[in-house]
Amino acid sequence: MDLATVRTFVAVADAGQFQEAAAELGLTQQAVSKRVAALERSLDVRLFVRTPRGADLTIDGRAFLPHARELLRVAERAEASVRAGRRPLRVDVLTSRSAQSRLMRGFHEAHPEIDLDVMTIFGIDTAVAAIRSGALDATFRAVAAPGRPLPDDIRSVRVLDEPLHLLTGPGHALADARSVRLADLAGHRIWMPGIVPGTEWAAYYDDLVAEFGLTIEATGPNFGSDALLDTIADTPSLATFMGTRTRLIWPTAHDLRLIPVTDPTPVYPHSLLWHRDNAHPGLGALRGHLAGGGERGGSGAWVPGWVRRR
């Protein structure tokens, strides 16, 4: 059904005259008559009866009017849902407790006038597909795994290097260390449940293992951060890596220790990805905000070679 003819029908019904409706719509009276006639043919009913006073709705016209109004309201909502500046900025973060989420909270505090829809999408391929389809405006990722370059229409900028600390329980051999060299972690079991092969974070830790001879285990089911913290607190032989901007809270009785890792400090690179043709005004504001507050690891930091080469 042609929405232009429906809109014309509603205008005539409200005005009660074809001439007045034509003036409101910026059309000629002949064009309004043609639109109404086309709608009547498509519905196979008469909608108006012309009278000396103008145009009166027929029984069918009165029955159709509330549905016509609803059609126009639905069309307006559908258009507003995708119109840049009239819909929320849709951004993907890894988890609600991640550094990415904290970056978005900072952006919201700086720009409360911009509506946000923060979501979580698993896997960079799914996130990039959502950006290309328009279902998503931006995503935070470690750019891409080796051998899997981003499509030409996707832009990226590195916005934050998040240092990783070693998290241990009170009984761990390194629990009382003020800092620990990355190479000295060789031989210690580092437990990282939830690492999924083929993801960008799996590629990051694979390179870390290969370069420094670490032992990173991803065995066992991933029951979430609370279960991870419970296990680290109770198991002296296990430690894990935790980003300095990852916000986790644990019971005081756990007595967990966050130990800086040095020489070099492994940093996890967070990049913002978006489509080159995305004109949402909130996206430009987000990019500007992140450009002003990003932190880079510097010469004493370590990232995989495939990140450095970008």
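This text gives an overview of the structure that appears in the document. Remember, predicted model here, so these are calculated numbers, not experimental data.

All right, on to the pattern of salt bridges then. Pairing between side chains becomes possible if they bear opposite charge and their charged atoms approach one another. Inspection of every chain in the model, using the stated rule, returns 14 salt bridges. We note a salt bridge from Arg 87 to Asp 137, for which the minimum N-O separation is 2.7 Å. You can see Arg 87 sitting in the loop between α4 (59-82) and β3 (89-92) and its partner Asp 137 sitting in the loop between α6 (124-133) and β5 (138-141), a full 50 residues away along the chain. Here the two residues Arg 87 and Asp 137 agree in accessibility, since each one is buried. For the salt bridge of Asp 153 with Arg 132, the shortest nitrogen-to-oxygen distance reads 3.1 Å. One end of the pair, Asp 153, is in the loop between β5 and β6 (154-168); the other, Arg 132, is in helix α6, and 21 residues separate them in sequence. Judged by relative accessible area, Asp 153 falls into the buried class, the value being 11%. With a relative accessible area of 47%, Arg 132 lands in the partly exposed category. One salt-bridge network, held together by shared partners, links Arg 87, Arg 90 and Asp 137.

Counting 26 residues, the largest nonpolar core has Leu 166, Leu 185, Leu 208, Leu 214 and Phe 241 as its most contacted members. Elements that contribute at least two residues to this core include exactly β6, α7 (200-212), β10 (238-243), β11 (257-262), β12 (265-275) and α10 (305-308). For this core, the leading source of residues is α7, giving six residues. Residue contacts for Leu 208: discarding those within four places in its chain leaves Leu 182, Gly 213, Leu 214, Ile 216, Phe 241, Pro 266 and Trp 302.

We now examine the pairing of β10. Among the six residues in β10, six count as buried, and that is most of the element. Burial along β10 is two-sided: the face carrying Leu 238, Thr 240 and Met 242 and the face carrying Ala 239, Phe 241 and Gly 243 are both buried. Two elements, β6 and β10, share five bridges in a ladder whose sense is antiparallel. Following the sheet pairing, Leu 164 is matched in β10 by Gly 243. Examined bridge by bridge, strand β8 (residues 189-191) and β10 share two bridges and lie parallel to one another. Directly across from Arg 189, in β10, lies its bridge partner Leu 238.

What follows deals with a nonpolar patch on the surface. Side chains of Met 1, Leu 3 and Leu 71 sit close together on the surface and give an oily, nonpolar patch of about 270 Å² of accessible area. By the element assignment, Met 1 lies in the segment before α1 (3-15). Taking the relative accessible area as the measure of exposure, Met 1 reaches 60% and is therefore exposed.

A complete count under the given rule lists nine aromatic pairs for this structure. Here Phe 122 and Trp 201 contribute two aromatic rings whose centre-to-centre distance is 5.9 Å and whose plane-to-plane angle is 80 degrees, an arrangement assigned as edge-to-face. Highlighted residues: Phe 122 in the loop between β4 (116-119) and α6 and Trp 201 in helix α7, separated in sequence by 79 residues. Of the residues examined, Phe 122 reaches a relative accessible area of 54% and is grouped as exposed. Put simply, the rings of Tyr 204, Tyr 205, Phe 212, Phe 241, Tyr 268 and Trp 302 pair up and form one aromatic cluster. Here the guanidinium or amino end of Arg 50 rests over the ring plane of Phe 18, the centre of that ring lying 4.0 Å away.

Turning our eyes to something else, we now look at the packing of α1 against helix α3 (residues 29-43). Where α1 meets α3, the closest approach of the two axes is 9 Å, and the angle between their N-to-C directions is 110 degrees. Between α1 and α3, the angle is such that the two are roughly perpendicular. Taken as a pair, α1 and α3 cross one another with a handedness that is left-handed. Judged by residue contacts, Ala 4, Thr 5, Val 6, Thr 8, Phe 9 and Val 12 of α1 engage Val 32, Arg 35, Val 36 and Leu 39 from α3. The residue inventory of the contact of α1 with α3, partitioned by class, reads seven nonpolar, two polar and one charged.

On to the layout of surface pockets, then. There is about 920 Å³ of room inside the largest pocket. In this structure, the largest pocket is lined by 33 residues; those nearest its centre are Leu 94, Thr 95, Met 192, Pro 193 and Thr 246. Looking at the lining of the largest pocket, the elements that each hand over two or more residues are α5 (99-110), β5, β6, α7, α8 (225-234), β10 and β12. In terms of residue count, the dominant contributor to the lining of the largest pocket is β10 (four residues).

Our focus in this paragraph is unusual backbone geometry. Between Asp 263 and the following residue, Pro 264, the backbone shows a cis peptide bond with an omega angle of 0 degrees. Counting through the fold element by element, Pro 264 comes out in the loop between β11 and β12. Not every positive phi belongs to a glycine, and Asp 44 is a case in point at roughly 60 degrees. Mapped onto the elements of the fold, Asp 44 is located in the loop between α3 and β1 (48-51). The phi dihedral of Asp 255 is positive, around 50 degrees, even though this residue is not glycine. Inspection of the secondary structure puts Asp 255 in the loop between β10 and β11.

Basis of the calculations
Residues numbered from 1 in each chain as written. Predicted model: local features only at pLDDT ≥ 70, side-chain atom pairs only at ≥ 80, totals over all residues. Heavy atoms only, no water. Salt bridge = Lys/Arg side-chain N within 4 Å of Asp/Glu carboxyl O. Helix = DSSP H or I, 4+ residues; strand = E, 2+ residues; numbered from the N terminus. Buried < 20%, exposed > 50% of the residue type's maximum accessible area, 1.4 Å probe, protein only. Core = buried A, V, L, I, M, F, W, Y, C linked by side-chain atoms within 4.5 Å. Contact = heavy atoms within 4.5 Å. Pairing = 2+ DSSP bridges. Patch = residues over 30% accessible without salt bridge, like charges linked within 9 Å, V, L, I, M, F, W, Y side chains within 5 Å. Areas by Shrake-Rupley, 256 points an atom, 1.4 Å probe, with all protein chains shown as cover. Phe/Tyr/Trp six-rings, centres within 6.5 Å; stacked < 30°, edge-to-face > 60°. Lys NZ or Arg CZ within 6 Å of the ring centre and 35° of its normal. Axes fitted to C-alpha atoms, helices over the stretch in contact; angles between N-to-C directions. Parallel < 35°, antiparallel > 145°, perpendicular 65-115°, else oblique. Left-handed = near helix turned anticlockwise from the far one by under 90°. Nonpolar A, V, L, I, M, F, W, Y, C, P; charged D, E, K, R; others polar. 1 Å grid on protein atoms, 1.4 Å probe; cavity = no way out; pocket = protein on both sides within 12 Å on 5 of 7 lines; lining within 4 Å. Points joined across faces, edges and corners; volume = space filled by probe spheres on them.

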